[in-house]
Amino acid sequence: MKTIHLFQFKNSIFRNTPFFKEEDRLKADCTEFDLIDIEIVTEYIVKTQDDFIFENTSMDHLLSMCKKAQKTIEHYFVAKLNAYDMI
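Remember, it's a predicted structure, so these values are computed and weren't measured experimentally. (Residues numbered from 1 in each chain as written. Predicted model: local features only at pLDDT ≥ 70, side-chain atom pairs only at ≥ 80, totals over all residues. Heavy atoms only, no water.)

*Asks:* Requested: an account of the environment of K71, with residues and values cited.
*Replies:* Mapped onto the elements of the fold, K71 is located in strand β4 (residues 71-78). Owing to a relative accessible area of 48%, K71 belongs among the partly exposed residues under this scheme. Separated by 26 residues in the primary sequence, K71 and I45 place their C-alpha atoms 5.2 Å from one another. The residues touching K71, leaving out its near neighbours within four places in the chain, are E43, Y44 and I45. (Helix = DSSP H or I, 4+ residues; strand = E, 2+ residues; numbered from the N terminus. Buried < 20%, exposed > 50% of the residue type's maximum accessible area, 1.4 Å probe, protein only. Contact = heavy atoms within 4.5 Å.)

*Asks:* Describe the pairing of strand β3 (residues 38-48), with residues and values.
*Replies:* Here β3 lies mainly inside the structure; nine of its eleven residues are buried. Pairing geometry for strand β1 (residues 2-9) and β3, over seven bridges, is antiparallel. Paired with H5 across the bridge in β3 is I45. Where β3 lies against β4, eight bridges are found, and the strand directions are antiparallel. Bridge assignment links V41 to a residue of β4, and that residue is H75. (Pairing = 2+ DSSP bridges.)

*Asks:* Give a description of the sheet that holds β3 that names residues and reports values.
*Replies:* Strand order in this open sheet of four strands is β2-β1-β3-β4, and the pairing throughout is antiparallel. One side of each edge strand has no neighbouring strand; the edge strands of this open sheet are β2 (12-14) and β4. Ignoring strand direction, the axes of neighbouring strands in this sheet form an average angle of 30 degrees. Pairing of β1 with β2 involves three bridges; the strand directions are antiparallel. Within the sheet, the bridge partner assigned to F7 lies in β2 and is F14. (Axes fitted to C-alpha atoms, helices over the stretch in contact; angles between N-to-C directions.)

*Asks:* Run through the layout of surface pockets, naming residues and quoting values.
*Replies:* Volume-wise, the largest pocket comes out at about 170 Å³. Every residue lining the largest pocket is counted, 13 residues in all, and those nearest its centre are V46, K47, T48, H61 and M65. Where the lining of the largest pocket is concerned, the elements lending two or more residues are β3 and α1 (59-67). (1 Å grid on protein atoms, 1.4 Å probe; cavity = no way out; pocket = protein on both sides within 12 Å on 5 of 7 lines; lining within 4 Å. Points joined across faces, edges and corners; volume = space filled by probe spheres on them.)

*Asks:* Give me the nonpolar core: which residues, what numbers.
*Replies:* If you look at the biggest cluster of nonpolar residues, it comprises eleven residues: I4, L6, I13, Y44, V46, F52, F54, L62, M65, C66 and A69. Secondary structure elements with two or more residues in this core: β1, β3 and α1. The dominant element in this core, judged by the number of residues it contributes, is α1, at three residues. Here I4 is in contact with Y44, I45, V46, T48, F52 and M65, once residues within four sequence places are set aside. (Core = buried A, V, L, I, M, F, W, Y, C linked by side-chain atoms within 4.5 Å.)

Here's what the structure looks like:
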């Protein structure tokens, strides 16, 4: 058995954090602010077989693996729309 990290953003599962830059990550939970457009990426820490191949796994199976995750972590990112967006 090995431990892997899967990331869910909207309706897709990824092997790495999708699309967002580290400098856009919020260090605290700021979801109560309505003025900031925030995207949430959920990280799942999952145990799987040693011969697991992400590319050969169906979306349904990946989703069931996420539901059985040992640990779940939410990452918050500021979604920038243009150069004038500021916190």
